[in-house]
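# Inside the fold
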Amino acid sequence: MPGKTVSLFIQCLVDTMFPETGEAMISVFDRLGVAYDYPPGQTCCGQPAFNSGYSRDAAAAAKHFIDIFEAAAVIVCPSGSCVHMVRHHYPELFADDPAMHSRALAIGAKTFEFTQYLVDELAIHDVGAQFPGTVTYHDSCHLNRGLGIADQPRTLLKNVRGLELIEMRDSDTCCGFGGTFSVNYPEISVAMVDEKVDNILATGAGTVTGCDISCLMNILGRLRRRGEDVQVLHIAQILAGDKGEKR
Amino acid sequence: MSKKPQSQYCMDAKKSMDSPRLQASLHSLQNRFGKGAMALWAEMDDQDMRRRVKKSRMKNLEYLDILLAELAKNVRTRGGHVHFAETAQDAIDYTLDVARKNEVKRVVKGKSMLSMEIAIDPALQEAGIEVVETDLGEYIIQLAGDKPSHIIAPCIHMDRSRIGELFAEKLGIDYTDDPPSLTAAARKALREKLLSADMGLTGCNLACAATGHISLVSNEGNIRMSTTMPPVHVALMGMERIVATLDEHRETVQLLTRGAALQKLSTYVSFVGGPSSDDDPDGSKEFHLVIIDNGRSKILADPEFREVLACIRCGACLNICPVYGRIGGHAYNSPYCGPIGAVVTPLLDGINKHADLCKGETLCGACKDICPVQIDLPRMLAALRQKLAYGSDRWNTRQHNPLEVYAFTLWRLIVCWSPLYRTGLKIARLCQRPFVEKNRMIKRMAGVASGWTDGRDLPPIAKKTFDEIWQEKHATPLPKLPVATKEDNNA
Ligand code: SF4
């Protein structure tokens, strides 16, 4: 099977607030000799609108995404929830439009979350990274429940040299982000992330990681507000052996 | 933009979150029953059972009219009365009529959420009838003049010291917080009521069409006594609560008791199929089954929401939901709380009225995972939000937030046209400058965005977006390298 060129889908939050995550993903691909491109014109998968009930607006974003990525051989994204959106909700959005529906199914079938692509598609368990320190891992909901991805990131982390993985209590409990939920119901959202933060702190790990920048942004925001300096890194940054925090 | 005034939902939620006592109860509830149910499902030998029961639930909804007719025929054959009530008022009127004919002065109740949905207690009381709950949890709630906060464990928000104080005050016993002593006190008080009641009023967990029985699941036995001791028994049944055969009944009950309390079977499963007779002298002299619609056929008719009628009201979804786990049951302002309540309450009682229930979850999916019949509540929450977003004639729903409608229209324009998106980002990056603090975080924002920054820092838009970095570094296309594939690696 010839090597496929990976088309990067850089989730909007990664693009705008955490570009180092995208860069880290690229350096992992470089190290592994995976070819990639970055289709221009990409914006947002439409999740914020979908989760808020604005399915027509989400469908417009979905169509934009499909137009941009249709020619790709394979699409890889450093965010489980966006992949869940593309794979599972795009087809629903076009349930009444057979042509768009089949385009959506085709796009979904070739869209992968970063760790899922490495482990399940490329059968890579060790990316050759080094990361000295203790790390705890948060299972994002859409990644874990929606896509069934929980072992892949752990496999990759366990093979990072120098890294000690310490599991937190209730790693698969929601961090309380929930998109617009976090601003519409801030008190509930903060109470939820507080529990997550407590569980992270209880591990004593120096770093918390995950595969979804939105959850990590929520966790980071609460950690800093509470004056805690646990490092927050997207898994790509660890796999890139890149210890630099956000610039 | 200024901050929205807080809704009742938010205020009630806040109250719960501020109560360490409640937080501790919710925590231990979820730790024990939420985690326990997930472990049960994982260990269950028959891994196909949940899917099978779900399938039968959905099939029975398909043939609901036939099954209900069969049930009614069988109950009537045995001398029971069956009344189909289209509305809550209908059900109340019928029950009041039965009470009047039998000169009922005291009603003992078996736990029934449907009785709360149709608000039958106040109607009975207004008619001068004393109403006594006999389920221990419901009895405590009634004594306290409170509302249930969990569909299986209604007084989960009260700890035993609170119950001790309540019993000391209302039952005139010496204060104790020893559960067996408290239970004994309740038992003594309730026995008197049960022995002297003129009518038993219960719900119905399931009804079996083939045999013409309703079944009631409980652990205390008081529900059974409510069906057998008073001369008249009225059972309120939600019209979707039906199974076709006893085989289906067996499996469905097993999932119900497992989901509710991690039990293979509850202590009591009572079957009632009619009044007592010469060859079956136990039970009430009159049996009335009131089959209630009260908005259910509307749900049944909408393929988007029909699935919610497959619910067997086990309460497992409450035991895992991270939102319920923080805010408890009272914030839902409905007999049905937690994830199931968040879906079924708006459908039964108005989507606009209960907009906060539709929107107040993260869609994390834990409820779907734990549900014994795998009901996709997150999907239906999203569907409810669609009604609020665009309005719906079918559901008599108007657009919830016109401002949000404009915001998402604008959002759509921006994300569908990347030059606008990129320009917008540049402008936002300029505007954020005064807010970015030394540690490169934003600590304070105005308007809706303050929802984030009231409790959390926010990372700013990066000095260079990934897109900008890419344009700089990779303006010329990369050489395409061969890729290591699964086959190569396995070779
Ligand atoms: S939705 Fe599922 S988990 Fe929740 S009460 Fe109904 S049957 Fe139980």
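What counts as what
Residues numbered from 1 in each chain as written. Chains lettered and ligands numbered in written order. Predicted model: local features only at pLDDT ≥ 70, side-chain atom pairs only at ≥ 80, totals over all residues. Heavy atoms only, no water. Contact = heavy atoms within 4.5 Å. Buried area = accessible area lost by both parts, 1.4 Å probe. Salt bridge = Lys/Arg side-chain N within 4 Å of Asp/Glu carboxyl O. Polar contact = N/O pair within 3.5 Å; in protein donor to acceptor, adjacent residues only side chain to side chain. Helix = DSSP H or I, 4+ residues; strand = E, 2+ residues; numbered from the N terminus. Nonpolar A, V, L, I, M, F, W, Y, C, P; charged D, E, K, R; others polar. Axes fitted to C-alpha atoms, helices over the stretch in contact; angles between N-to-C directions. Parallel < 35°, antiparallel > 145°, perpendicular 65-115°, else oblique. Left-handed = near helix turned anticlockwise from the far one by under 90°. Patch = residues over 30% accessible without salt bridge, like charges linked within 9 Å, V, L, I, M, F, W, Y side chains within 5 Å. Areas by Shrake-Rupley, 256 points an atom, 1.4 Å probe, with all protein chains shown as cover. Lys, Arg positive; Asp, Glu negative; His and termini not counted. Charge placed at Lys NZ, Arg CZ, Asp CG, Glu CD. Domains from an automatic or database assignment. Buried < 20%, exposed > 50% of the residue type's maximum accessible area, 1.4 Å probe, protein only. Pairing = 2+ DSSP bridges.

## Focus on the interface of chain A and chain B
Contacts between chain A and chain B engage 78 residues on the former and 79 residues on the latter. Buried surface at the junction of chain A and chain B, both sides included, amounts to about 6700 Å², of which 61% is carbon and sulfur. For the chain A face of the interface with chain B, the top three residues by lost area are Tyr54, Tyr185 and Arg225 of chain A, together amounting to 11%. Our count for the contact surface shared by chain A and chain B stands at 7 salt bridges. Of the charged contacts in the structure, one is a salt bridge between Lys35 of chain B and Asp170 of chain A, with a shortest N-O distance of 2.8 Å. In this assembly, chain A and chain B are joined by 33 residue pairs in polar contact (both at pLDDT 80 or more). The biggest single contributor to the side of chain A that touches chain B is helix H11 (residues 186–203) of chain A, with 8 residues. Residues of the side of chain A that touches chain B, tallied by class, amount to 37 nonpolar, 23 polar and 18 charged.

## A few points about the side chain of Gln23 of chain B
All names here are of chain B. Mapping Gln23 onto the fold places it in helix H2 (residues 20–43). Of note is the side chain of Gln23, whose polar atom sits 3.1 Å from the backbone oxygen of Ser16. Other than its neighbours up to four places away in sequence, Gln23 contacts Ser16, Met17, Gly325 and Arg326.

## Remarks on the packing of helix H4 (residues 55–69) of chain A against helix H6 (residues 98–109) of chain A
Residue and element names in this part refer to chain A. The interhelical angle for the contact between H4 and H6, taken along N-to-C directions, is 60°, at an axis separation of 10 Å. Accordingly, the angle class assigned to the pair H4 and H6 is oblique. The way H4 lies across H6 gives a crossing that is left-handed. Of the residues in H6, those in contact with Lys63, Phe65, Ile66, Asp67 and Phe69 of H4 are Met100, Arg103, Ala104 and Ile107. By residue class, the composition of the contact of H4 with H6 is 6 nonpolar, no polar and 3 charged.

## A short note on a negative patch on the surface
Taken together, Asp278, Asp279, Asp280 and Asp282 of chain B make up a surface patch of like negative charges. By the secondary structure assignment, Asp278 of chain B is in the loop between strand S9 (268–272) and strand S10 (286–292).

## Focus: the domain arrangement of chain B
One can read the domain layout of chain B as domain 1 (44–294) and domain 2 (411–490). Measuring from the centre of the C-alpha atoms in domain 1 of chain B to the corresponding centre in domain 2 of chain B gives 56 Å.

## Structural notes on the pattern of salt bridges
All names here are of chain B. Throughout the structure, instances matching the rule amount to 49 salt bridges over all chains. In this structure, Glu240 and Arg241 form a salt bridge, with 2.6 Å as the shortest nitrogen-oxygen distance. In this structure Arg241 comes out as buried when scored by relative accessible area, which is 7%. Taking the shortest distance from any N to any O, the salt bridge between Lys443 and Asp457 comes out at 2.7 Å. Note that Lys443 is positioned in the loop between helix H20 (418–432) and helix H21 (450–453) and Asp457 in the loop between H21 and helix H22 (466–473), a separation of 14 residues in sequence. Through salt bridges with shared partners, a single network forms among Asp46, Asp48, Arg51, Arg52 and Glu251.

## Details of the sheet that holds S10 of chain B
All names here are of chain B. Read across the open sheet, the 6 strands follow the order S1-S10-S7-S4-S2-S3; overall the sheet is parallel. Two strands close off the open sheet at either side, each with one partner strand: strand S1 (81–85) and strand S3 (130–133). The sheet shows a mean angle of 20° between the axes of neighbouring strands, direction not considered. Bridge analysis of strand S7 (residues 232–238) against S10 gives 7 bridges, and the strand direction is parallel. Among the inter-strand pairings, Leu236 is bridged to a residue of S10, identified as Val290. Packed on one face of the sheet, helix H4 (residues 64–77) meets S1, S7 and S10 and runs near 150° to S1. Along the sheet face, helix H10 (residues 179–196) touches strand S2 (106–109) and S3 and points at about 120° away from the line of S2.

## Some details on the domain arrangement of chain A
Residue and element names in this part refer to chain A. Entries for chain A in the domain assignment read domain 1 (6–120) and domain 2 (127–239). Between domain 1 and domain 2, the C-alpha centre-to-centre distance is 21 Å. Across the contact surface, domain 1 and domain 2 share 0 salt bridges. Looking at the side of domain 1 that touches domain 2, the elements that each hand over two or more residues are helix H1 (12–16), helix H2 (19–32), helix H5 (80–93) and helix H7 (114–121). With 7 residues, the single largest contributor to the side of domain 1 that touches domain 2 is H2. When the residues that make up the side of domain 1 that touches domain 2 are grouped by side-chain class, the tally is 13 nonpolar, 11 polar and 5 charged.

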